[in-house]
Amino acid sequence: DSSDINDIQNFTKSNFAAPNPEYYAKAKGMNVIYISLESLQSFIINYKMPDGTEVTPFLNKLATGVDNTTYFKNFFHQTGSGKTSDAEFMMENSLFPLSQGPVFQMKGFNAYQAAPAMMNQRGYETAAFHGNVKSFWNRDQMYKSLGYERFFDSKYYDMSAENTKNYGMKDKPFLKETMPYLTNLKQPFYSKLILLSNHFPFGMDKEDTTFKPGDFGDSVVNNYFQSANYMDQAIEQFFTDLKKSGLFDKTVIVMYGDHYGLSENHNDAMAKVLGKDQITPFDNAQLQRVPLFIHIPKVAGGTVSTYGGEVDVRPTLMSLLGINTKNYIQFGTDLFSKQHHQIIPFRNGDVITNKYSIVGGDVYDNSSGQKVEASLGKPYEDVAKKMLDYSDKVIYGDLLRFYHPKGFVPPDVSKINYNTDQK
Ligand code: GP9
Ligand code: MN
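Residues numbered from 1 in each chain as written. Chains lettered and ligands numbered in written order. Predicted model: local features only at pLDDT ≥ 70, side-chain atom pairs only at ≥ 80, totals over all residues. Heavy atoms only, no water.

(A) Just the overall build of the protein chain, in detail. Helix and strand counts for the protein chain come out as 12 helices and 15 strands. For the protein chain, the C-alpha radius of gyration of 20 Å lies close to 22 Å, the compact-globule estimate for 423 residues. The C-alpha extent of the protein chain, read off along each of the three principal axes, is 60 × 60 × 40 Å. Here the protein chain holds 423 residues, and the buried ones make up 62% of them. Residue pairs at least 24 apart in sequence account for 76% of intrachain contacts in the protein chain once pairs closer than 6 positions are excluded. Carbon and sulfur atoms make up 49% of the accessible area of the protein chain, which totals about 16500 Å². Side chains of the protein chain give 43 positive and 47 negative charges; the mean places of these two sets differ by 6 Å. (Helix = DSSP H or I, 4+ residues; strand = E, 2+ residues; numbered from the N terminus. Rg over C-alpha atoms; globule rule 2.2 N^0.38 Å. Buried < 20%, exposed > 50% of the residue type's maximum accessible area, 1.4 Å probe, protein only. Contact = heavy atoms within 4.5 Å. Areas by Shrake-Rupley, 256 points an atom, 1.4 Å probe, with all protein chains shown as cover. Lys, Arg positive; Asp, Glu negative; His and termini not counted. Charge placed at Lys NZ, Arg CZ, Asp CG, Glu CD.)

(B) Spatial organisation of empty space enclosed by the protein. Tallied over the entire structure, the rule returns five cavities of 30 Å³ or more. There is about 70 Å³ of room inside the largest cavity. Taken together, 13 residues make up the lining of the largest cavity; nearest its centre are F16, A17, P315, T325 and Q330. Looking at the lining of the largest cavity residue by residue, the class counts come to six nonpolar, six polar and one charged. (1 Å grid on protein atoms, 1.4 Å probe; cavity = no way out; pocket = protein on both sides within 12 Å on 5 of 7 lines; lining within 4 Å. Points joined across faces, edges and corners; volume = space filled by probe spheres on them. Nonpolar A, V, L, I, M, F, W, Y, C, P; charged D, E, K, R; others polar.)

(C) Just the site of ligand 1, in detail. In the region of ligand 1, the neighbouring residues are E38, K83, T84, H130, N132, F136, W137, R139, L196, H199 and H259. Take E38: an N or O atom from its side chain is 3.0 Å from an oxygen atom of ligand 1. Bound to the protein, ligand 1 loses 96% of the 310 Å² it would expose on its own. Residue composition of the shell around ligand 1, by class: three nonpolar, five polar and three charged. (Near = heavy atom within 4 Å. Polar contact = N/O pair within 3.5 Å; in protein donor to acceptor, adjacent residues only side chain to side chain.)

(D) Examining the sheet that holds strand β7 (residues 189–194) more closely. In space, the eight strands of this open sheet follow the order β4-β3-β7-β1-β8-β9-β2-β10, with mixed pairing throughout. Strands with a single pairing partner mark the edges of an open sheet, and in this sheet they are β4 (150–152) and β10 (302–309). The mean inter-strand angle of the sheet, taken between neighbouring strand axes irrespective of direction, is 15 degrees. By the bridge criterion, seven bridges tie strand β1 (residues 31–37) to strand β8 (residues 251–257) in an arrangement that is parallel. Bridge pairing in β8 links V32 to V252. (Pairing = 2+ DSSP bridges. Axes fitted to C-alpha atoms, helices over the stretch in contact; angles between N-to-C directions.)

(E) Inspection of the coordination of the manganese ion (ligand 2) at higher detail. Protein-derived coordination of the manganese ion (ligand 2) comes from E38 (OE), E38 (OE), T84 (OG1), D258 (OD) and H259 (NE2), at a distance range of 2.1 to 2.3 Å. Each of the six donor atoms bound to the manganese ion (ligand 2) contributes to angles spanning 56 to 167 degrees, and the resulting shape is irregular. Counting along the primary sequence, the residues that act as donors to the manganese ion (ligand 2) give the motif E-x45-T-x173-D-H. Taken as a pair, T84 in helix α3 (residues 83–93) and D258 in the loop between β8 and α9 (267–274) lie far apart in primary sequence, 174 residues in all. Across the pair, D258 and T84 agree in class, each one buried. (Donors = N, O, S within 2.8 Å, 3.2 Å for Na, K, Ca; no water. Tetrahedral: all angles 85-135°; square planar, octahedral: opposite > 155°, others 65-115°.)

(F) Structural context of unusual backbone geometry. The omega torsion across Q187 and P188 is -5 degrees, close enough to zero to call that bond cis. Relative to the helices and strands, P188 resides in the loop between α7 (171–183) and β7. Looking along the chain, the bond that leaves F200 and enters P201 is cis, with omega of 5 degrees. Although it is not a glycine, F202 sits at a positive phi angle of roughly 75 degrees. Within the fold, F202 resides in the loop between β7 and α8 (219–245). Residue F202 is classed as buried on the basis of its relative accessible area, which comes to 0%. Of note in the backbone geometry, K298 takes a positive phi value of approximately 70 degrees without being a glycine.

(G) Just the sheet that holds strand β14 (residues 362–365), in detail. Strand order in the open sheet formed by five strands is β11-β12-β13-β14-β15, and the pairing between neighbours is antiparallel. Both edges of this open sheet fall to β11 (343–345) and β15 (371–372), since each of them pairs with a single strand only. Summarising the sheet, strand β12 (residues 351–353) and strand β13 (residues 356–359) pair through two bridges and their orientation is antiparallel. From the neighbouring strand, I352 faces β13, where its bridge partner is S357. Packing of helix α12 (residues 378–396) onto the sheet brings it into contact with β11, β12 and β13, and relative to β11 it is tilted by some 55 degrees.

Shape descriptors only; they carry no functional weight alone.
Structure below.
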């Protein structure tokens, strides 16, 4: 009820991290492009195959700060069973996904105060792009609740055999065919592009790659390298196209790995990949790092070591756009803020901070990987639990119905129709 929402609002307000003036409003009025990097894990960034070949040479370059890009090397996915859609949910709401079931499917009709709606009311055109049918993960319902005016799904793409594999479009033709749709949007626009081809089990069509697969005794792991290399090339091509179109210098680009690609079932091969005897529970928790890149025109980039997770991205982006989110119910904090909370709750109860990793109830020191006294983790576990509980309350109680941040205009869901748009 409404007393719950008051408690929650007090909590999120008192946790608000004031924006860093070096970043605040640096992207005011610019376009936004989110790119979901399917199954991309951070171990691949700067990884070299045994013969010395880089897997992701383009992303590695971005990580050095090329193209005004900031790379977060200690960024973690926080998804549950909703996988890609859970990551999308966090990116745009700064709420946690659910521990039981995909929130996109279970709570698609809730009231949200999501980034697309916030931008739409500020004159942005909002559009999502994905080379799979719109009903997957209940996106066609949830995107309306988030405030997306347009959804370019598989219907808008050439889904021929050579362009597709398993769920849908391969990244190169997907990004190529997205370009004209993107350049035809009214500016400024807020958009997201969901990549797809680096998806389990990662096997590729021969004609799409010359990259040598790994030799780690596990075909899924071996193919992962080829497939990640293909994604890297697709992104490089897309950056080139954005520069040609003139969009590059007036667009913030946020690229994030949505969740792990290689589960614990592949730990034997992963030990070989990482040159370790075995993958311990501590190692496995560290492997939940996913890349986060943010291209901000005119702002110097580079690799930063701030710890954060997917719920932190919305407050970060909003600060860059010059929008104060202090009055919003959100559980992340701005990654560029000096007051950013380096505490990352996971849906399985684990918690990672810049100092400790709390994994399966054991507390490890991050720098040594050694177990330390469990009581050292307690304060972080308590805060993490509180955040998850409050977020669950918001979602299960549909509490944002009762909450009206000053100036927020809810999307008029009845006016959004993704069927009227034709190719
Ligand atoms: C499907 C795509 C992949 O449309 O988002 O889903 P995943 O299995 O990664 O959640
Ligand atoms: Mn995914």
